Each structure stands twice: as structure tokens, then as C-alpha cells.
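Each chain is listed here by its residues.
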Amino acid sequence: MSAISQKTLAELAAGLRAKEFSSVELARAALERIEAAQPRLNALISVTREVALAQAAAADREIAAGRGNALTGIPLLHKDLFCTEGVRTTCGSRMLDEFIAPYDATVVSRLRSAGMVMLGKTNMDEFAMGSSNETSYYGPVRNPWDPQLVPGGSSGGSAAAVAARLAPAATATDTGGSIRQPAALCGVTGIKPTYGRVSRYGLIAFASSLDQGGIICVSAQDAALVLRAMAGFDPRDSTSVNRPVPDYLAGLERSVSGLRVGLLKEFFDKGLDAENERLVRAALEVLKGLGVTLKEVSLPSISLSVPAYYVVAPAEASSNLARYDGVRYGYRCKDPQDLTDLYRRTRGEGFGAEVKRRIMTGTYVLSAGYYDAYYLKAQKVRQLIASDFERAFGEVDVIMGPTTPTPAFELGAKTADPITMYLNDIYTIGANLAGLPAVSIPCGFVGKLPVGLQIIGPHFAEERLLNAAHAFQRETDWHRRVPPGYA
Amino acid sequence: MKRAEIETIAHLARLELRESEIAAYQSSLTSILEFVGELNRADTAGVTPMAHPLPGLSQMLRSDEVTERDQRDRYQLNAPRAEAGLYLVPKVIE
């Protein structure tokens, strides 16, 4: 049974169809691995054992009747930011510690309809604010490659779980890098789609103009399989784009010869760890061997992406998190004396420190007298960054570079100063500001720690990204490496 | 950031801060605002502010027809205190 956990999603799908094993067997095996790993990794907040077994049994019936599709019966984890009907949904926060979602997010219901089997909800930075999964009310997640190190964040639980082969896929969200950065630090594949590609209905909102749901799995092929079921227009999300979803699997095997790859001058700077750089450049050589051409491009405004983000995202968060007031759902303080006391203590007690920091930053930059200087200015800089990318994509088809400046770091190493933590997202944030799709795939190791290669594309170029990622994964096996103890 | 400014922001955000937290927030907010002050380096004359990353999208509209059903009781299962379909809060009007 241990061999099963090492199979890719595509391999599991083939095995289910060939009746080598059943979905119930997969679910049971996964639940055992989850239970065994939980004390070490703390990757999950909730395990949905009964739901999983019921969904798996239903999937087995579908498969036996000759129905179902590539995803039927495949185990799946959901980041605890996705509303899952009847199941606790906490967003990693005390504020929602007892919240039972009364509905499914569109992503959840689409993957359920596709026959995927929900094993549980993964741990995450509180309200998706963080780059190390250290701000969760439920304790930090640990990196399966080294438990003294962070898995990255905010989707640390999803990335750690997939890296440890607890499930072949885990949904995740990315607002400033929260899919790609943990994927890079955990040695797995994570894709953030174009803004508007995946419905945000039922995704607990952090920053509405930046949030995007995506998937973390072990390969581009697996990502293609899940993304094609997740993506697509949803009338319930007013920012959802009405544009057909290509079959991401169909274009996967195309040759990448002639693909024009841009290397951002600004990303290969002194902030990038020398070893990370060496591995990324070696990966680019592999792709050159497949016929891609490399060209240096420059995005002059990109160095302002982190400051712009840390105005826009907290501003939007301060607005989105205003709903947590102890009235209709979520945490409420004890014995509120009046309405103001209810609000102040509910929010003061229900939110953690980083969330409060961001709410206050956001409140400040939106307040009278400061709105123009900060928020409006940041929105203008955002436009500059988006225009820079647009210009670059006139010269190249994709932009490649490092996902993170360093490999995984120690728990507690960057919590003293918020800015140090914020700079972990220096290469990922630009794609969120411009709404662009981006993927991170493993490209090597610094010692025993994985390093990620990031591929960014123009709007709705997910097919192109997955094709390039798959081409690299056909030539290399970094994505097949498993942390010691999880093989 | 001065203490009074932190208190004003906390009031606007309806966040109660413990005495022990105020100095920490003063310090971290000061450094965050200093960091984002970098934005002033940028020449943004004539640049349209970007509120939404996909240009050309406008608010979707639909016809004014009822498509949802009343599920109040279900949604109120999560309420800290509810009674007869109402959410209970401390007295608002004195």
C-alpha cells in the first residue's frame, strides 16, 4: 500500500480504472497517513473521515458502473479557506473556530461533482495572511523536508500535505504568492491561475482584487487534470470571467521548441540566494536543450511590487474582515456590555496579531487624509507594474525565474520583523498585482531543501505554463522526490 | 506612529488593543509605513489607478428574477445568539 501514496494523480486515476485498487482503499490509506503525520506536520485542521469514506464508496459505485471521469475517486484536501458545507471552515483563525459552512464553495462543489474525495481541511496562515504558516490559530505547519523549518504560506498545510504524499492534490489560494511560495519550499507543483479564471464564490475573502484559488499537486499533468475541473465562469462570482476553459491536458505534450522565455533582470538580483540562482539557471539550461530561447527583459516598476501590495492587500483585507463582528457568525467575546464592546473585544480576541496588523495598516491607508498618498498611489503603481508585464509579454511568451529568494527557513526566524517576512514574496507578488497566471515547479535541491522555478504567463495562458512545466518534468525528476520518511 | 494614531486606527477598525500590545503595533506599523513609503519614488503622473487586474471588465448584471430561497434558519445555526429569526446583540439604543 505504501507504493500507492507515491503515485501521481494521473497514475491513481489509471489504477482506479484498471481496478488495481478502489477509491475506498485509497481513502483509508490516505487517512492513515494523515493520522500518522499529523503530530509531526500539523498539516490539517480537520479530518473528514466519514465524508471521505462515503464519497469514496459513491465513487467506487460510479467506476463499477463504467461511469466517472479522470478525477472520480481521487483523494483531495481543501485549504481551510474554502467553504465546505456541513464541515468546519476556520480560515486558520479563532474567529471561525466553530464556524460550520452552510454552503460549498463553487470550487468544492465542482470537484465533488467530478468525483473527488474530500479527506479534510488543511492548515493555513490566519485569513491567508502570511508566508510561513506560523500565524495559524491551530499552530504552525512544519516542512516535511525538515520539521524545524517552515513549509511556506499561507497554503503551508496544502503544500506540506502533498509533499508528504498525504493526498495527491490539495486546493490552495494565492493572493501574494501563497500557492507558489509554499509549493517551492516543499518541492511540489502549485499553480495560481489568471485572476477571474477560478471562482471565488465560497473562498473566504482576504483581498478581493488579488485572491485566486488554485491547486497544489506533484506534477503539471496532475495540475492540468484538476484545474480543468476547477476553472470556469461562475455567475455567483461577479469577478469571474466568462471565457471557455481549454482542456489543459490536451496541450501538455506539445513541444516547447521556439518558446520565448524572458528572464527578469530585476529578479536575478543580490537578494537571490546564490544556490537558488544556480539551480534556476541550470533549469533554464534544460529548457534551452528543448529549444526554448532565453531573453533578458526588464520590468522597471517591479521593485515596487511588495510596497504596492502591502498597501492594497491590507486595505482590501480591512474591508473584507469588517464582517467579523460577533453578530451573525463566528467568535463572540464573553458578556459584551454594549455594541462597541462587542465589536472591539470580539475582534481584538478573535483575530491574531498579523491579521490585526494588516487590518490596521489597511484602515490607515484608506483613512481620510492618507487615502491619496497611500492607497491611490499604490493603485497607480499597480497599473505601472501591470503595464510593464504587458510590454514584456510583447517580446516573450513566458517569464521564468526563482519562486523564492531562499529555500525554507527556520520557524521563528522571520517573525520578529514583518518586513523580513513580507520580502519572501518578492518574486511572486507581481503576478497577483497584474492578475497573471503563474506556476512553481521543483527544480533542484540546496542540500536537502527543495527550490522552485516560477513560470509566469500573460492572462489566460495556463495552457502554455502547464505545457512548459510538463516539458521540464519530462526531462527531470525533481518533482518525484519525496521527503525522507514519507516515501 | 504616535500612540494616539494607533488608538485612532484601532477605534476605526473596532479592534481592542491591550496596553501591552500598543507599543508593538506602534513599532511594526511605523516600519510598514516607512517601507511602503517607497511608493513615493514612483512617477505616476497621468497614470490611471488600477482597482482590478483585468482591464475591460465591467460589473456583470442579470435579470431581476428571484433565484435564491430563504435559508435564514440554516444560516443562523452559526449565530452566537439568535432567537425568532433575529440576531441578539447588546442593547443599541439607550
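Throughout this document, residue positions are counted from 1 along each chain, in the order its sequence is written. Written order determines the labels here, with chains lettered from A and ligands numbered from 1. In view of the model being predicted, local features appear only for residues whose pLDDT reaches at least 70, and side-chain atom pairs are presented and counted only at 80 or more, with totals across whole chains, interfaces and linings using the full set of residues.

Student: Whenever I open this one, the overall build of chain B confuses me. Can you help?
Tutor: Strands here are runs of E lasting at least two residues and helices are runs of H or I lasting at least four, both read from the DSSP assignment and numbered beginning at the N terminus. Helices and strands together make up the secondary structure of chain B, namely three helices and two strands. Starting at the N terminus, the α and β elements of chain B follow one another as α-α-α-β-β. Our radius of gyration looks at C-alpha atoms and nothing else; its globule reference is 2.2 Å times the residue count to the power 0.38. Taking 2.2 N^0.38 as the reference for a compact globule, 94 residues should give roughly 12 Å; the C-alpha atoms of chain B span a radius of gyration of 22 Å, well beyond that estimate. By its C-alpha atoms, chain B is 55 × 45 × 25 Å across when sized along the principal axes.

Student: So what exactly am I meant to see when it comes to the overall build of chain A here?
Tutor: Counting its secondary structure elements, chain A contains 16 helices and 11 strands. For 487 residues, the compact-globule estimate of 2.2 N^0.38 gives 23 Å, and chain A sits close to it at 21 Å. Its C-alpha atoms give chain A principal-axis dimensions of about 65 × 55 × 45 Å. The exposure scheme places C-beta atoms from the backbone and then counts, for each residue, the other C-beta atoms within 10 Å of its own, assigning buried at 20 or more, exposed at 12 or fewer, and partly exposed in between. Burial analysis of chain A (487 residues in total) assigns 63% to the buried set. What counts as a contact here is a pair of residues whose C-beta atoms, placed from the backbone, lie within 7 Å. A sequence separation of at least 24 residues applies to 76% of the contacts in chain A between residues at least 6 apart.

Student: How should the nonpolar core be read in this particular structure?
Tutor: A general trend in soluble globular proteins is that nonpolar side chains are found buried together. Residue and element names in this part refer to chain A. Buried Ala, Val, Leu, Ile, Met, Phe, Trp, Tyr and Cys residues whose C-beta atoms connect them within 7 Å together make up a nonpolar core. Formed by 171 residues in total, the largest nonpolar core has its most connected members in Leu119, Val162 and Ile216. It is helix α10 (residues 305–320) that provides the largest number of residues to this core, a total of nine residues. Apart from the residues lying within four places of it in its own chain, the contact partners of leucine 119 are Ala27, Ala30, Leu31, Ile34, Val47, Thr48, Ala52, Pro75, Leu76, Leu77 and Ala167.

Student: Would you explain the pairing of strand β8 (residues 293–297) of chain A in this entry?
Tutor: Looking along a regular strand, one sees side chains alternate from face to face of the sheet. Residues and elements named next belong to chain A. At least two bridges found by DSSP between two strands are what make those strands a pair. Strand direction decides the pairing type here: strand β7 (residues 260–264) and β8, joined by five bridges, are parallel. Counted as the bridge partner of leucine 264 is valine 297 from β8. Handedness of a crossover is defined as follows: orient the strands so they point away from the viewer, and if the path from the first strand over the helix to the second runs clockwise, the crossover is right-handed. The parallel pair β7 and β8, bridged by helix α9 (residues 274–289), forms a crossover whose chirality is right-handed.

Student: Help me understand the packing of helix α12 (residues 353–366) of chain A against helix α1 (residues 3–12) of chain B in this model?
Tutor: Packed helices, taken two at a time, are described by their axes: the angle between them and the distance between them. Viewed as axis vectors pointing N to C, α12 of chain A and α1 of chain B meet at an angle of 95°, and their least axial separation amounts to 9 Å. Considering their axes alone, α12 of chain A and α1 of chain B lie roughly perpendicular with respect to each other. Judged by residue contacts, Met360, Thr363 and Tyr364 of chain A of α12 of chain A engage Ile9, Ala10 and Leu12 of chain B from α1 of chain B. A class-by-class count of the residues in the contact of α12 of chain A with α1 of chain B yields five nonpolar, one polar and no charged. Between the N-to-C directions of two axes lies an angle of 0 to 180 degrees, each axis being a line fitted to C-alpha atoms and, for a helix, fitted only over the stretch in contact. For this classification, under 35 degrees means roughly parallel, over 145 means roughly antiparallel, 65 to 115 means roughly perpendicular, and everything else is oblique. Under the scheme applied, nonpolar residues are Ala, Val, Leu, Ile, Met, Phe, Trp, Tyr, Cys and Pro; charged residues are Asp, Glu, Lys and Arg; polar residues are all the others, including Gly.

Student: When you look at the interface of chain A and chain B in this model, what are you seeing that I'm missing?
Tutor: You'll often see interface size given as the accessible area lost when the parts meet. Each side of the interface is counted separately: chain A has 57 residues, and chain B has 40 residues. Looking at the side of chain A that touches chain B, the elements that each hand over two or more residues are α10, α11 (339–350), α12, α13 (372–392) and α14 (418–422) of chain A. Examining the composition of the side of chain A that touches chain B, we find that 11 residues originate from one element, α13 of chain A, more than from any other. Considered class by class, the residues forming the side of chain A that touches chain B number 30 nonpolar, 15 polar and 12 charged.

Student: Sorry if this is basic, but what is going on with α12 of chain A here?
Tutor: Owing to its 3.6 residues per turn, the α-helix brings residues three or four apart onto one side. Each residue after the first adds 1.5 Å to the expected span of a helix. Helix length check: α12 of chain A (14 residues) gives 20 Å between terminal C-alpha atoms against 20 Å at 1.5 Å per residue, within 8%. In terms of residue burial, α12 of chain A counts as a mostly covered element, since 11 of its 14 residues are buried. Along α12 of chain A, the residues that are buried comprise Val355, Lys356, Arg357, Arg358, Ile359, Met360, Thr361, Gly362, Thr363, Tyr364 and Val365 of chain A. Elements in contact with the buried residues of α12 of chain A: α10, α13 and α14 of chain A together with α1 and α2 (19–36) of chain B.

Student: Before we go on, may I ask you to explain the environment of glycine 139 of chain A in this structure?
Tutor: All names here are of chain A. By secondary structure assignment, the location of glycine 139 is in the loop between β3 (117–122) and α6 (156–163). Owing to 12 C-beta atoms within 10 Å, glycine 139 belongs among the exposed residues under this scheme. Each C-alpha atom of the pair glycine 139 and methionine 124 lies 9.2 Å from the other, and the pair is 15 residues apart in sequence.

Student: Mind showing me how you'd approach the confidence of the model for chain B here?
Tutor: Do not read the predicted coordinates in detail wherever pLDDT is low. Counting all residues, the mean pLDDT for chain B is 93, and 99% of those residues have values of 70 or more. Under the prediction, the complex receives an ipTM of 0.95, its pTM being 0.97. The quantity called pLDDT is the predictor's confidence in a given residue, expressed from 0 to 100.

Student: Can you walk me through α9 of chain A in this structure?
Tutor: All names here are of chain A. Spanning 16 residues, α9 covers 23 Å between terminal C-alpha atoms, matching the ideal 22 Å at 1.5 Å per step. Buried within α9 we find Asn276, Leu279, Val280, Ala283 and Leu287. Along the axis of α9, the buried residues cluster in a sector spanning 100°; they form a single face. Exposed residues pointing more than 90 degrees away from the buried face of α9 are listed as Ala274, Glu285, Lys288 and Gly289. One or two positions beyond α9, positive phi appears at glycine 291, with a value near 105°. For this quantity, the arc is that covered by the directions from the helix axis to the C-beta atoms.

Student: Got a minute to help me understand the environment of methionine 118 of chain A in this structure?
Tutor: All names here are of chain A. Take methionine 118: it is sitting in strand β3. Note: C-alpha distance between methionine 118 and proline 75 (43 residues apart in sequence) is 6.1 Å. Methionine 118 has contacts with Thr48, Val51, Ala52, Gln55, Leu76, His78 and Thr84, leaving out every residue within four places of it along the chain.

Student: Whenever I open this one, the packing of α10 of chain A against α2 of chain B confuses me. Can you help?
Tutor: Following both chains from N to C, one finds α10 of chain A and α2 of chain B inclined at 125°, their axes separated by 8 Å at the closest point. As the angle between them shows, α10 of chain A and α2 of chain B are arranged oblique. For the pair formed by α10 of chain A and α2 of chain B, the contact residues are Pro307, Tyr310 and Val311 of chain A on the first element and Ile32, Phe35 and Val36 of chain B on the second. For the contact of α10 of chain A with α2 of chain B, the class distribution of residues is six nonpolar, no polar and no charged.

Student: Can you walk me through unusual backbone geometry in this structure?
Tutor: Along the chain, glycine 153 of chain A connects to serine 154 of chain A via a cis peptide bond; the corresponding omega equals 10°. With respect to the secondary-structure elements, serine 154 of chain A resides in the loop between β3 and α6. In this structure, phenylalanine 127 of chain A is a non-glycine residue whose phi angle is positive, near 50°. One can find phenylalanine 127 of chain A in the loop between β3 and α6. A positive phi is found at arginine 14 of chain B, a non-glycine position, where the angle reads about 50°. Following the sequence through the fold, arginine 14 of chain B ends up in the loop between α1 and α2.

Student: What exactly am I supposed to notice about the environment of alanine 159 of chain A here?
Tutor: All names here are of chain A. With respect to the element layout, alanine 159 can be found in helix α6. For alanine 159, a count of 37 C-beta atoms within 10 Å puts it in the buried group. Between the alpha carbons of alanine 159 and glutamate 85 there is a distance of 23 Å; along the sequence they are 74 residues apart. Among residues more than four places away in sequence, those in contact with alanine 159 are Pro151, Gly152, Pro182, Ala183, Cys186, Val188, Gly190 and Ile216.

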